[in-house]
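# Summary of the model geometry
Listed here are the chains, written in short residue letters.
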Amino acid sequence: MSFKIVVKRLLFFVLVVWAASTIVFFIPRLSSRNAIRERFGELARTGGFSPGDIEKMIASMQQQFGLDKPIFEQYWQYLGNIMRLDFGYSLSKYPTTATEVIAQALPWTIGLLLVTTVLSFVMGTLLGAVAAWPKAPGWLRSLATPFILLTGVPPVIMGILLLFFIGFRLKWLPLGGAYSAGIVPTWSWSFFLDLMQHQILPALALILGSVGGWVLSMRGMGITIQGEDYVNFAEHKGLTGGRIFRDYYLRNALLPQVTGLALALGTVITSAVIVEGIFGLPGIGTALNLAIRANDFPVIYGIVIFITIAIAALMTILEFVYPLLDPRIREN
Amino acid sequence: MANITMVSPSPTISQPSNVVLFFRYLRRNKGLALGVIILVALFLFTVIGLLVVNPKHAYPLSAGLKQPPSLKYPFGTDFFGRDLLAAMVVGMWQTAFIGLLAGGIGTLVGVVLGFTSAYFGGWIDAAVRTVCQILTPIPVLLIQVVVAGSLDKRDVTIFTMALIVAMLAWMGPTLVIRAQVMTMKERQFVAVAKLSGVSDMGIIFREILPNLLPFIAAAFVGQVFSAVFASFYLAVLGLGPLREPLLGNIIWAAQSQGAFFNGWWWWPLEPAFAMILILGALALVNMGLDELANPRVRRSE
């Protein structure tokens, strides 16, 4: 891969992040809503400050957030802050910064996302390959069908159905939260088991709905590959079925599948965020939910920009992985 | 010499009407048929429901609180005293409104941009393509969260919901239509039309557009699907018009009140099933139309 392509990809990454940050900067400023005023309005209702004090506090806050400066100066400062991943202070948990809120929530989300995405990608690809493989036993091939039927169900709804049938009716698994109420987080085996129990339903909600997509794309590709001359040739050379399956079949479908993964990242991450909210796991989704309820704009915008950066970065990384997967790209 | 009588071959070849042809096609394309049947059923449910049910019962304090499904309230009532049957009817109608409006706007913008960009090429094409490429990796839902969150709560209505959803949903159809126009404008009939002096607009509207109608229809259904999906997600996050009984709002409210913890299972479950029916039907129709528009995708079995 030439130097020029690397620069081009990195430039694209910067452009995507810049576009997202610019949208997030200008849209709230087009609306008449003043986050600081609203926040203090709430405080005034509960705290009983005098109106004069409130006005002074608002003015000093405006100054601290730099909202009294001309808009382009604000914009430059804002872009600089984003480069340092500084999204400002949380309005509802004041001394905490939005970045700290994100950092606390992040490990939960990464754990859930990593496990579910890898599992559903691997399962879907294998099931799809088997479904298109004429020599596979019938029961194995039909295993793919239920997953294909489930693709239409959004993960959130899958979550609610799982909560109803497994959590509410059968009472096998808990109805939400990260761990049982009353348990103190410790590094113990029992706490770990409890933690895992709470993760099963959200993970299932994400996996069940997404396996079908990978099955469909892999099966489609598998059917095309079977007609290819090199597969016929390999068969006539007398290679074993397993060898053809692995080296001639899966190997060639890998690149389009990984491209599909890069394209699906946005959907995968947003669904995970919303599913977390439904199950009340303390990840980014719940942080976003709480921020929306509390009108905590720096946190909302911080989460939005952070996720965009993460997605753009992952896509760029996957683009750099292509040449490792496909020698044809390496040579060009 | 024998008299040879010419028996004229019967000139009337009965050409079945378009409706009959459509039904024959549906018999082959089972997925499309199933999707259409579900959509028709949902349509009937909504229309009959709007006639029978008092829409006011879809709003708080119109019925007893937290009643499980019974003869009086076949779908039960919720924590705020909404009759869920009425809420489903109104919510379904609102979902359809958002989907059709946002899907229509998205498709229209996509068709216009796709046509201009592919037909005229040059810097317009480069600009449209670059903007689409840069915007595509940005998760649309999150931008919609920013827009909906920045609006005053009173300004969030069913109508603004549709606009928010439509605002960032035109990239997909633009790229699809652009690709189709690109191949179409190299075809011979377009070249003939050009040589015979048909104007650009004439070529676009009379030569290319009619050939693209199946693609535009498929793009439209796809847009309706993603609009319904996006507005549902926004509502589940609590960014919808909170007073309205949108399906996502009902789920949001049920989750915030801990419906499962408290045993009010019917409350979140009903909108969930309704959503599965809507999205499933739209997905089936979309796949079916793809097959219609793109005969090469025909199933391999």
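Residues numbered from 1 in each chain as written. Chains lettered and ligands numbered in written order. Predicted model: local features only at pLDDT ≥ 70, side-chain atom pairs only at ≥ 80, totals over all residues.

When you go through chain B residue by residue, the secondary structure sums to eleven helices and zero strands. When the helices and strands of chain B are read in sequence order from the N terminus, they spell out α-α-α-α-α-α-α-α-α-α-α. In chain B, which comprises 301 residues, the proportion classed as buried is 42%. The long-range share in chain B, meaning contacts at least 24 apart out of those at least 6 apart in sequence, stands at 69%. (Helix = DSSP H or I, 4+ residues; strand = E, 2+ residues; numbered from the N terminus. Buried ≥ 20, exposed ≤ 12 C-beta atoms within 10 Å, placed from the backbone. Contact = placed C-beta atoms within 7 Å.)

The next subject is the overall build of chain A. When you go through chain A residue by residue, the secondary structure sums to 14 helices and zero strands. Each helix and strand of chain A, ordered N terminal to C terminal, gives the series α-α-α-α-α-α-α-α-α-α-α-α-α-α. Counting over 332 residues, chain A shows a buried share of 33%. Long-range pairs, those at least 24 residues apart, make up 71% of the contacts in chain A between residues at least 6 apart in sequence.

Tallying the contact residues gives 41 residues for chain A and 35 residues for chain B. Listed by contribution, the elements that provide at least two residues to the side of chain A that touches chain B are α1 (3–30), α8 (155–169), α11 (241–279), α12 (284–293) and α13 (297–325) of chain A.

This part is about the confidence of the model for chain A. A residue-level look at chain A finds 87% of positions with pLDDT of 70 or above and a mean pLDDT of 80. Least confident of the elements in chain A is helix α2 (residues 35–47) of chain A, whose mean pLDDT is 65; most confident is helix α5 (residues 98–131) of chain A, at 87. (pLDDT = per-residue confidence, 0-100.)

For the rest of this paragraph, the subject is the packing of helix α3 (residues 84–120) of chain B against helix α9 (residues 200–236) of chain B. Residues and elements named next belong to chain B. α9 packs onto α3 with a crossing angle of 140° between their chain directions and a minimal axis gap of 7 Å. If you check the angle between α3 and α9, you find them oblique. As α3 runs across α9, the sense of the crossing is right-handed. Seen from α3, the contacting residues are Thr95, Ile98, Gly99, Leu100, Ala102, Gly103, Gly106, Thr107, Gly110, Val111, Phe115 and Tyr119; seen from α9, they are Ile204, Ile216, Ala219, Phe220, Gln223, Val224, Ala227, Val228 and Ser231. Of the residues belonging to the contact of α3 with α9, the class tally is 13 nonpolar, eight polar and no charged. (Axes fitted to C-alpha atoms, helices over the stretch in contact; angles between N-to-C directions. Parallel < 35°, antiparallel > 145°, perpendicular 65-115°, else oblique. Left-handed = near helix turned anticlockwise from the far one by under 90°. Nonpolar A, V, L, I, M, F, W, Y, C, P; charged D, E, K, R; others polar.)

What follows concerns the environment of Leu142(B). Checked against the element boundaries, Leu142(B) lands in helix α5 (residues 140–150). Exposure remark for Leu142(B): the 27 C-beta atoms within 10 Å place this residue in the buried category. Leu142(B) sits 92 residues away from Leu234(B) along the chain, and the two C-alpha atoms are 9.2 Å apart. Beyond its immediate stretch of four places on either side in the chain, Leu142(B) contacts Thr270(A), Val304(A), Ile307(A) and Thr308(A).

The next thing to look at is helix α10 (residues 229–237) of chain A. For the α-helix, the turn length of 3.6 residues means that residues three or four positions removed from each other point alike. α10(A) sits mainly on the outside: zero of its nine residues count as buried. At the C-terminal side of α10(A), Gly238(A) shows a positive phi close to 90°.

Two quantities define a packed helix pair, namely the angle between the helix axes and the distance between the axes. Residue and element names in this part refer to chain A. Where α11 meets α13, the axes come as close as 10 Å, and the angle between the chain directions of the two elements is 175°. Of the possible angle classes, the one that applies to α11 and α13 is roughly antiparallel. Across from Leu254, Leu255, Val258, Leu261, Ala262, Leu265, Gly266 and Ile269 in α11, the residues of α13 making contact are Ile307, Ile311, Leu314, Met315, Leu318, Val321, Tyr322 and Leu325. Broken down by class, the residue content of the contact of α11 with α13 amounts to 15 nonpolar, one polar and no charged.

Attention shifts here to the confidence of the model for chain B. Residue and element names in this part refer to chain B. Chain-level statistics for chain B give a pLDDT mean of 79 and a share of 89% at 70 or above. Looking over chain B, one finds the lowest element-wise mean pLDDT in helix α1 (residues 18–28), namely 76, and the highest in α3, namely 87. On the interface metric, ipTM, the complex scores 0.76, and its pTM is 0.80.

A few words now on the nonpolar core. Core analysis: the biggest nonpolar cluster contains 152 residues, and Ile300(A), Ile303(A), Val304(A), Val145(B) and Val165(B) have the highest contact counts within it. Top element by residues in this core is α9(B). It accounts for 19 residues. Beyond its immediate stretch of four places on either side in the chain, Val304(A) contacts Val24(A), Leu142(B), Val145(B) and Val146(B). (Core = buried A, V, L, I, M, F, W, Y, C linked by C-beta atoms within 7 Å.)

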